[in-house]
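One-letter residues, chain by chain:
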Amino acid sequence: LWVGTMNSQREAAAFRRVSVLSRAFEADLVDIGACKRVTVKCVSERGWKDTDTMKADLQKTGPSLSQWEVDWTHNNGIGACNMVDVELLDGAHHQFLVDCGWDLKEMEPLLVASGTAELLEQRKLDFLFITHEHMDHTWGIQNVLRRCPDIHIKLPADVTQGTLDLLQARSLAPQHVRNDTRHTGQLSLLGPKKWHKHYPGVASSVFNVKFGGIASEQALYFNVADFGVVCLAGCCHMGVPALFARAGQLKSAFPSGARVAGVYVCTWRLLGSSPAISTLPSRCCAPARKSPPITAQGKWLSTSCSNAKCPSRASRTT
């Protein structure tokens, strides 16, 4: 989790000076309204267990193949999944799920421990927002659908046939990809070049991303009253500059007009990344571990332990 705030008048003034051009077109900014608060609860943020194994899988198959053609090491996956709670200005709360992980066996106890499984069974999650189609964000769909087969699912419009087959429980090429529960609810395919509003102060936008057999990734933007715009991305394959630039299209709720107040990236274990900083949050279960389960690269910091039962794994509030 990385949060940066314009918390002084001097910083805000400096930001305004470098944003003169965007200010000239203030009337053209998109107004999505504002929300009071957003809370992101991490269910799982590790895409896979071992990065070297992941690299080996990619190298033996080649980068041009889609994920449906790769013979992935079946017991190396975990997956990304987060639960979001949005509090509106009137105090009403809305909850939804962002992505659903990869490995069914690995994700199951995480869904239960985080309370996500119970919320799905009680139909208390408004929808499942899939940031992009990569396996560590979508292949755990059976754990969701067997509890709530009619959940509303929101996907980028140029979804591949493989993912559509997965949702409909059709036969799939990789033998270790499984879904026995057909999706019976609403499927929204969100297109590019427009903003998609989900609640007051909450909207998403689709980016063109040609990476690993997918064509797009979508990100969420929360316009938090008296704070500013908070971005939430899956893997951020579109790049941080593009993520921030898109936020510049929104009318910010921060008094000074600062565009980006914070950002949350769901998956921290990236291919080829090596931790520049290793820290442990307070109350962590493993302060004596040689390799702490917290990593950071540059200013992008993850602040939760990978152990689902660790007392430090609390809801992250922006």
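Residues numbered from 1 in each chain as written. Predicted model: local features only at pLDDT ≥ 70, side-chain atom pairs only at ≥ 80, totals over all residues. Heavy atoms only, no water.

## Overview of the nonpolar core
Formed by 34 residues in total, the largest nonpolar core has its most connected members in L128, W139, I141, I151 and I153. For this core, the secondary-structure elements that each account for two or more residues are β3 (81–87), α4 (104–113), α5 (116–121), α7 (141–145), β6 (152–156) and α8 (161–167). By size, the runner-up hydrophobic cluster in this structure holds 21 residues, among which are F127, V202, L232 and Y264. (Core = buried A, V, L, I, M, F, W, Y, C linked by side-chain atoms within 4.5 Å. Buried < 20%, exposed > 50% of the residue type's maximum accessible area, 1.4 Å probe, protein only. Helix = DSSP H or I, 4+ residues; strand = E, 2+ residues; numbered from the N terminus.)

## So, the confidence of the model for the chain
This prediction gives the chain a mean pLDDT of 77; 69% of its residues lie at or above 70. Scored below 50 in pLDDT, residues 20–24 shows 4 contacts in the model against residues more than four places distant or in partner chains. (pLDDT = per-residue confidence, 0-100. Contact = heavy atoms within 4.5 Å.)

## As for the environment of A80
Structurally, A80 can be placed in the loop between α3 (51–61) and β3. The class of A80 is buried, set by a relative accessible area of 0%. With 56 residues separating them along the chain, A80 and D136 place their C-alpha atoms 6.0 Å apart.

## Structural notes on the pairing of strand β10 (residues 214–224)
The element β10 is largely enclosed, with a buried count of 11 among its 11 residues. As paired strands, strand β9 (residues 202–211) and β10 are joined by 8 bridges and run antiparallel to one another. Across the sheet, S205 pairs through a bridge with A219, a residue of β10. The loop that links β9 with its antiparallel partner β10 comprises 2 residues; one of these, G212, has a positive phi angle of about 60°. Where β10 hands over to strand β11 (residues 228–233), the hairpin turn is made up of 3 residues, of which D226 adopts a positive phi near 60°. (Pairing = 2+ DSSP bridges.)

## Some details on the packing of aromatic side chains
One pass over the structure, following the stated rule, counts 7 aromatic pairs. Between W102 and W139 the ring centres are 6.3 Å apart and the planes differ by 85°, which places this aromatic pair in the edge-to-face class. Highlighted residues: W102 in the loop between β4 (93–98) and α4 and W139 in the loop between α6 (135–138) and α7, separated in sequence by 37 residues. Its relative accessible area of 6% is what places W102 among the buried residues. On the accessibility criterion, W139 (2% relative accessible area) is buried. Lying across the ring of F127, K154 places its NZ or CZ 3.9 Å from the centre. We note R246 situated over the ring of F207; from NZ or CZ to the ring centre the distance is 3.9 Å. (Phe/Tyr/Trp six-rings, centres within 6.5 Å; stacked < 30°, edge-to-face > 60°. Lys NZ or Arg CZ within 6 Å of the ring centre and 35° of its normal.)

## Remarks on the pattern of salt bridges
Overall, the coordinates contain 8 salt bridges when judged by the stated rule. Close ionic contact of K36 with E87 constitutes a salt bridge, the shortest N to O distance being 3.6 Å. In this pair, K36 sits in the loop between α2 (20–24) and β2 (37–44) while E87 sits in strand β3, placing the two residues 51 residues apart along the sequence. Through salt bridges that share partners, E108, E121, R146 and R147 make up one connected network. (Salt bridge = Lys/Arg side-chain N within 4 Å of Asp/Glu carboxyl O.)

## A few points about the pairing of β6
Counting buried positions along β6 gives 5 out of 5 residues, so the element sits mostly inside the fold. Alignment of strand β5 (residues 127–129) against β6, held across 3 bridges, turns out to be parallel. Bridge assignment links L128 to a residue of β6, and that residue is I153. Strand direction decides the pairing type here: β6 and strand β7 (residues 187–190), joined by 4 bridges, are parallel. By the bridge assignment, L155 is partnered in β7 with L189.

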